[in-house]
Amino acid sequence: MIINLLSQDLQSVSKNTKDGIYVTFSFSSEGKDKKVSILNKDLNKRLDRAVQTSQITGKKYEVAFYKELSFEAFNHVLVLGLGDKSELEHEVLRQAIASAYEAFKSLKSENVFIDLNTLNLKKEKAEYVKTLVEGLELASYEFTELKSKPKEKSKKKEEGQTVHILLKEAKSSEVKKAFEEGLILAKSVNFSRYLGDMPGNKMTPEILAQKTLEAIKGTKIKATVWNKARIIKEKMGGLLGVSLGSSQEPRFIILEYNGAAKSKKPVVFVGKGLTFDSGGISLKPSASMEEMKYDMCGGANVIGTLIAIAKLGLKVNAIGLIPSSENMPGPSATKPGDVLTCRNGKTFEVNNTDAEGRLILSDALAYATEQKPEVIIDAATLTGAMVVALGNLYTGYFTRYKQLKDKIEVAGKKSGEWVWNMPLCDFHVQDMKGTYADLSNMSSSKGAGSSTAAAFLEQFVGEDIPWAHFDIAGTGWAVGSRIKYCTRKGASGAMVRTFVEIAKSYEK
Ligand code: BES
Ligand code: ZN
Ligand code: ZN
C-alpha cells in the first residue's frame, strides 16, 4: 500500500479518475433524537433507504461497503461509522480506518480515496491526518516472508493499492509534517513487529544485531555491537551467564543518536532482547513455549523507537541499549544456585534460570547509568505475573519519579497506547535480597512478581536518575482481534509510539 496526501476535493478528483473506492464517514447520535448522518450530502440522499432500513447505523467501526454503486467517477463506496460525533477521538479514527482497510484491501481497485474533507474537522486537522496514516499503515502489516511464494508478483501488485487522503489543507506545512510523522511512526512500529515475529532460529542475537545495522542505514544513528569476547571484557556477568546454555553467542547492541548539543544529557532506552526463552535449566512447560520467540520485543521496540526518533529528527540525544541472548539449557548453562556478578559489581544468586530477563537487563541498566543520562526507560517482556495482572491492552509501568510518571501519562494519551502505573516500594526491594549473594533473582515472598522484578532492576540504576520500567509481557504481542489495527496474532510493537512521545518531551 502507498499512502498519498492530496489537497483536492471529491469533484476535482472525480474529473481525473475512472475507477476507485470512495470512502466517507457516518455519525450516529444516541439519545432521544437518534440520528444517522452520512457526511457526504449526495450520498446521504442516495443511501437514505439504507439508513431507513438500518443497513447504515453510523455506529463506531461500522463498514458499509457498496460495491458497483457508481458514485461520481468511483465504482465503489464505503461509509465508515465513527459513532457519536461528540465522542470522536483519535483512537476511534485509528481503529475505524483499520476496519475499512480490511474491507477494501482485497478489492481489485487500485485507488482508494478517503474524503477527510467530509469530516469537516474544526481543529486538529494535522493530528487527525497523522492518526489516519498510523491506522492504515499499522493495519497493513503482514508477516509473509517465510511463506513460499507461488508466483512472482509484479512490482505494482507488490505495492498494492494507493490510498489517497483528500484534504483541502494538505499543502499546509503542519499537515504535511503530521502525515510524514504518522508514516515514520507506523513504519518503525511495523519494523519492530517484523523483528518480533521472526522465529528464534532466524532471529538470533547475531541476526538481531545485523538486521538492526541494516535498518539504520541512512539515518544518523551510530551503532556499536559487542560480541561475546567484548561482553566478557566489559564484565557483563548477567548477560554472559544467561547465554552460557546456548550455542548462540550473546550480543550487546548500542545505538546512539545525537539530535541536540553534545552537552545535553541523553535519554536512554533499554530493551530486553532475549531471542528465545526456553527457561534454561528451570525449563518452561511446552505449552505455548513457541511464544517465547517474542521475548526480544522489548529490544525490538527500543530499536524501532531509536529509528523513529532519528527519522523524525527529534532535538534530543538518545541512546538505545539492547542486551541480547538466548536462554537455553545446554551443558554449560547457568544452574539454579549459581552466583553471577553484574557489571556494577553487585552479585546475584540465580535461583530460577527462567527469571533471566532481569539478569541481562542488570548489565544494560548499569551501562545506561554510566552514560550520565537524563532519564532511563526500559521495556521488557519480564514477567508472566504482568499478563495475569493487566492482560494484553494496558502496559504496566513502574517508576518512583512523579515528574516522569506525569510525562508517561501524557505520552500515553498522545500516542493512543494504554499505560497503567504499578506499585514499586522498599518492601519489594527487601524481597529480592540474596542469602549467599547481594541479591536473588527470585522473590522471597509470594505474589507481586512484576513489582519484585522491577525492584530487582532498580538495584542497577544509579541513584537519583529518573527511571521507569515497562513490563510488556502482556502487550508485546497481540493475541486476538481486540485492536483493529493489530488483529493478527503476533508482535505488536507496543510502546514504540509512547516512547517517541516521551523522547519528544525532552526536546528543548
Ligand atoms: N519471558 C518470561 C516472562 C513472560 C511470561 C513473558 C509470559 C511473556 C509471557 C520471563 O523470562 C520469565 O520466564 N519470568 C518468570 C519469572 C519467575 C521465574 C520469577 C515468570 O514470570 O514466570
Ligand atoms: Zn524466562
Ligand atoms: Zn524471558
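Quick caveat: nothing in here was measured; it's all calculated off a predicted structure.

Scoring rules and cut-offs
Residues numbered from 1 in each chain as written. Chains lettered and ligands numbered in written order. Predicted model: local features only at pLDDT ≥ 70, side-chain atom pairs only at ≥ 80, totals over all residues. Heavy atoms only, no water. Donors = N, O, S within 2.8 Å, 3.2 Å for Na, K, Ca; no water. Tetrahedral: all angles 85-135°; square planar, octahedral: opposite > 155°, others 65-115°. Helix = DSSP H or I, 4+ residues; strand = E, 2+ residues; numbered from the N terminus. Buried < 20%, exposed > 50% of the residue type's maximum accessible area, 1.4 Å probe, protein only. Arc of directions from axis to C-beta. Contact = heavy atoms within 4.5 Å. Axes fitted to C-alpha atoms, helices over the stretch in contact; angles between N-to-C directions. Parallel < 35°, antiparallel > 145°, perpendicular 65-115°, else oblique. Left-handed = near helix turned anticlockwise from the far one by under 90°. Nonpolar A, V, L, I, M, F, W, Y, C, P; charged D, E, K, R; others polar. Salt bridge = Lys/Arg side-chain N within 4 Å of Asp/Glu carboxyl O. Phe/Tyr/Trp six-rings, centres within 6.5 Å; stacked < 30°, edge-to-face > 60°. Lys NZ or Arg CZ within 6 Å of the ring centre and 35° of its normal. Core = buried A, V, L, I, M, F, W, Y, C linked by side-chain atoms within 4.5 Å. Near = heavy atom within 4 Å. Polar contact = N/O pair within 3.5 Å; in protein donor to acceptor, adjacent residues only side chain to side chain. Areas by Shrake-Rupley, 256 points an atom, 1.4 Å probe, with all protein chains shown as cover. Pairing = 2+ DSSP bridges.

(A) Highlighting the coordination of the zinc ion (ligand 3). The protein atoms donating to the zinc ion (ligand 3) are Lys-272 (NZ), Asp-277 (OD), Asp-295 (OD) and Glu-356 (OE), with metal-donor distances spanning 2.0 to 2.4 Å. Considering all six donor atoms around the zinc ion (ligand 3), the spread of angles at the metal, 77 to 174 degrees, places the coordination shape in the octahedral class. Counting gaps between the donor residues of the zinc ion (ligand 3) yields the pattern K-x4-D-x17-D-x60-E. A spacing of 3.2 Å is found between the zinc ion (ligand 3) and the zinc ion (ligand 2), which share Asp-277 as a donor. Taken together, the residues span a long stretch of sequence, with Lys-272 in the loop between β10 (267-271) and β11 (273-277) and Glu-356 in the loop between β14 (347-349) and α12 (357-370) at a distance of 84 residues. Comparing Lys-272 with Glu-356, the two get one shared label, buried.

(B) How the structure looks around the coordination of the zinc ion (ligand 2). Distances from the zinc ion (ligand 2) to its protein donors, Asp-277 (OD), Asp-354 (O), Asp-354 (OD) and Glu-356 (OE), fall within 2.0 to 2.2 Å. The coordination sphere of the zinc ion (ligand 2) comprises six donor atoms, whose angles at the metal cover 71 to 168 degrees; the geometry is irregular.

(C) Main features of helix α8 (residues 205-215). Three or more residues of α8 are buried, namely Pro-205, Leu-208, Ala-209 and Thr-212. Projected down its long axis, α8 carries its buried residues within an arc of 95 degrees, all on one side. Residues of α8 that are buried sit in contact with α7 (173-197), β8 (221-226), β9 (251-258), β11, α11 (297-312) and β12 (317-327).

(D) Region of interest: the packing of helix α4 (residues 90-104) against helix α5 (residues 125-139). Between α4 and α5, the least distance of the axes is 8 Å, while the angle of their chain directions is 40 degrees. Compared by their axis directions, α4 and α5 come out oblique. Relative to α5, the crossing made by α4 is right-handed. Between α4 and α5, the contacting residues are His-90, Leu-93, Arg-94, Ile-97, Ala-98, Tyr-101, Glu-102 and Phe-104 on the first element and Glu-127, Tyr-128, Thr-131, Leu-132, Glu-134, Gly-135, Leu-136 and Ala-139 on the second. Its residues placed into classes, the contact of α4 with α5 shows nine nonpolar, three polar and four charged.

(E) View of the pattern of salt bridges. Enumeration according to the criterion identifies 25 salt bridges in this entry. For Glu-134, the salt bridge goes to Arg-94, with nearest N and O atoms at 2.9 Å. On the criterion of sequence distance, the pair formed by Glu-134 in helix α5 and Arg-94 in helix α4 is long-range, its members being 40 residues apart. An identical accessibility class is assigned to Glu-134 and Arg-94; each is buried.

(F) Layout of the environment of Lys-59. Mapped onto the fold, Lys-59 is located in the loop between α3 (48-52) and β4 (63-66). Note: C-alpha distance between Lys-59 and Ser-28 (31 residues apart in sequence) is 5.9 Å. When neighbours within four sequence positions are excluded, Lys-59 is seen to be in contact with Ser-28, Gly-81, Leu-82 and Gly-83.

(G) Structural detail: the packing of aromatic side chains. Within this structure, the stated rule accounts for 17 aromatic pairs. Residues Tyr-101 and Phe-104 carry aromatic rings whose centres are separated by 5.8 Å and whose planes lie at 80 degrees to one another, so their mutual orientation is edge-to-face. With Tyr-101 and Phe-104 both in helix α4 and three residues apart, this pair spans about one turn of that helix. Neither residue differs from the other here; Tyr-101 and Phe-104 are each classed as buried. For the pair Trp-226 and Phe-252, a centre-to-centre distance of 5.3 Å together with 40 degrees between the ring planes defines the contact as tilted. Of this pair, Trp-226 sits in strand β8 while Phe-252 sits in strand β9, and the two are 26 residues apart along the sequence. The burial state of Trp-226 is the same as that of Phe-252; both residues are buried. The rings of Tyr-22, Phe-71, Phe-74 and Phe-113 are connected pair by pair, giving a single aromatic cluster. Residue placement shows Lys-407 over the ring face of Tyr-506; its charged tip is 4.2 Å from the ring centre.

(H) Focus on the nonpolar core. One finds Leu-195, Phe-269, Ile-309, Ile-377 and Phe-470 to be the most contacted residues of the largest nonpolar core, which totals 54 residues. Counting residues per element, this core draws most heavily on α11, which supplies nine residues. Dropping the residues within four chain positions of it, Ile-377 is found in contact with Val-268, Phe-269, Val-270, Leu-404, Ala-468, Phe-470, Phe-499 and Ile-502.

(I) The site of ligand 1, seen in detail. Neighbouring ligand 1 are 17 residues; Asp-277, Lys-284, Asp-354, Glu-356 and Gly-384 lie closest to it. A distance of 2.8 Å is found between an oxygen atom of ligand 1 and a side-chain nitrogen or oxygen belonging to Asp-354. Within the contact set of ligand 1, an oxygen atom lies 2.7 Å away from a backbone nitrogen or oxygen of Gly-384. For ligand 1, the accessible surface in isolation is 520 Å², of which the surrounding protein chains cover 79%. Considering only residue class, the shell around ligand 1 consists of six nonpolar, four polar and seven charged.

(J) Quick look at the pairing of strand β19 (residues 467-471). Counting buried positions over the five residues of β19 gives five, a clear majority of the element. The alternating pattern of β19 places Trp-467, His-469 and Asp-471 on one face and Ala-468 and Phe-470 on the opposite face, and all of these are buried. Where strand β15 (residues 375-380) and β19 come together, five bridges link them in parallel fashion. The residue of β19 that forms the bridge with Ala-380 is Asp-471. Across four bridges, the pairing between strand β16 (residues 394-399) and β19 is antiparallel. Along β19, the bridge assignment pairs Tyr-397 with Phe-470.

(K) Up close: the pairing of β9. In terms of residue burial, β9 counts as a mostly covered element, since six of its eight residues are buried. With six bridges connecting them, β8 and β9 associate as antiparallel partners. Opposite Ala-223, over in β9, you have Leu-255 as the bridge partner. Examined bridge by bridge, β9 and β12 share eight bridges and lie antiparallel to one another. Bridge assignment links Tyr-257 to a residue of β12, and that residue is Ala-318.

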